[in-house]
Amino acid sequence: MTADSRPLYQRIADELRDLIAAGTLAEGDRAPSTNELSTFHSVNPTTAAKALTALHQEGLVEKRRGLGMFVTPTARAQILDQRREHLARDYIRPLLREAASLGMDSAALHAAIEQERKNHDPA
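Residues numbered from 1 in each chain as written. Predicted model: local features only at pLDDT ≥ 70, side-chain atom pairs only at ≥ 80, totals over all residues. Heavy atoms only, no water.

### As for the UniProt feature "domain: HTH gntR-type" (unreviewed entry) in the protein
Then, in step 1: The residues that UniProt annotates with the feature "domain: HTH gntR-type" (unreviewed entry) are residues 12-71.
Then, in step 2: Segment residues 12-71 splits into 53% helix and 13% strand. End C-alpha atoms: 15 Å apart. (UniProt positions renumbered as here; feature names shortened; annotations may be inferred. Helix = DSSP H or I, 4+ residues; strand = E, 2+ residues; numbered from the N terminus.)

### Quick look at the environment of His120
Then, in step 1: By the secondary structure assignment, His120 is in the segment after helix H5 (106-119).
Then, in step 2: Within the structure, the side chain of His120 is placed 2.9 Å from the backbone oxygen of Glu116, a separation counted as a polar contact. (Polar contact = N/O pair within 3.5 Å; in protein donor to acceptor, adjacent residues only side chain to side chain.)

### Concerning the packing of aromatic side chains
Then, in step 1: What the rule picks out here adds up to zero aromatic pairs.
Then, in step 2: For the cation-ring pair, Arg64 lies above Phe70, with the distance from its terminal atom to the ring centre recorded as 4.1 Å. (Phe/Tyr/Trp six-rings, centres within 6.5 Å; stacked < 30°, edge-to-face > 60°. Lys NZ or Arg CZ within 6 Å of the ring centre and 35° of its normal.)

### Observations concerning the pairing of strand E1 (residues 61-64)
Then, in step 1: In the sheet, E1 pairs with strand E2 (residues 68-71) via four bridges, with the strands oriented antiparallel. Considered in E2, the bridge of Arg64 is made with Gly68. (Pairing = 2+ DSSP bridges.)

### Some remarks on a nonpolar patch on the surface
Then, in step 1: A cluster of nonpolar side chains, namely Leu87, Tyr91, Ile92 and Leu96, defines an oily patch on the protein surface of about 390 Å² accessible area.
Then, in step 2: Here Tyr91 is to be found in helix H4 (residues 75-101). (Patch = residues over 30% accessible without salt bridge, like charges linked within 9 Å, V, L, I, M, F, W, Y side chains within 5 Å. Areas by Shrake-Rupley, 256 points an atom, 1.4 Å probe, with all protein chains shown as cover. Salt bridge = Lys/Arg side-chain N within 4 Å of Asp/Glu carboxyl O.)

### What about unusual backbone geometry?
Then, in step 1: One non-glycine residue with positive phi stands out, namely Ser42, at about 55 degrees.
Then, in step 2: Position of Ser42 among the secondary structure elements: in the loop between helix H2 (34-41) and helix H3 (45-57).
Then, in step 3: The class of Ser42 is exposed, set by a relative accessible area of 66%. (Buried < 20%, exposed > 50% of the residue type's maximum accessible area, 1.4 Å probe, protein only.)

### Structural notes on H3
Then, in step 1: In this model, H3 (13 residues) spans 18 Å end to end at C-alpha, consistent with the 18 Å of a helix rising 1.5 Å per residue.
Then, in step 2: Buried residues of H3: Ala48, Ala51, Leu52, Ala54 and Leu55, and no others. One side of H3 carries all its buried residues, which in axial view fall inside an arc of 150 degrees. Turned more than 90 degrees from where H3 packs its buried face, Thr46 and Gln57 sit exposed.
Then, in step 3: Next to the buried residues of H3 lie helix H1 (8-22), H2, E1 and E2.
Then, in step 4: The distance from a side-chain oxygen at the start of H3 to the backbone nitrogen of Thr46 is 2.7 Å, and the residue carrying that oxygen is Asn44.
Then, in step 5: Backbone geometry just after H3 places Gly59 at a positive phi near 80 degrees. (Expected span 1.5 Å × (residues − 1). Arc of directions from axis to C-beta. Contact = heavy atoms within 4.5 Å.)

See below:
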């Protein structure tokens, strides 16, 4: 297993995006403060602030003077839309190209996916 080579602030920002996408940090919730993130992740406050700034620039959190950063009403939908596009771009489109190169039609591809789902079902 290789170590994550992304900068710490990006990893912290991604963790916050995951919490928003899961609904753990819901619309209107206060995001962890710079100091809270810094302490939790054992990083410099500047690194934690950079993670929050990234989310603010993306419109996922908004500043409320004297109160902190809060999850915006559109944050969850925005993250889910980005992840759906990522799924399509990085997985579905290549899968469809590979299936076509193997001569698989939609029914064969669907059957292969269902078989994999059954093989990996945790139940």
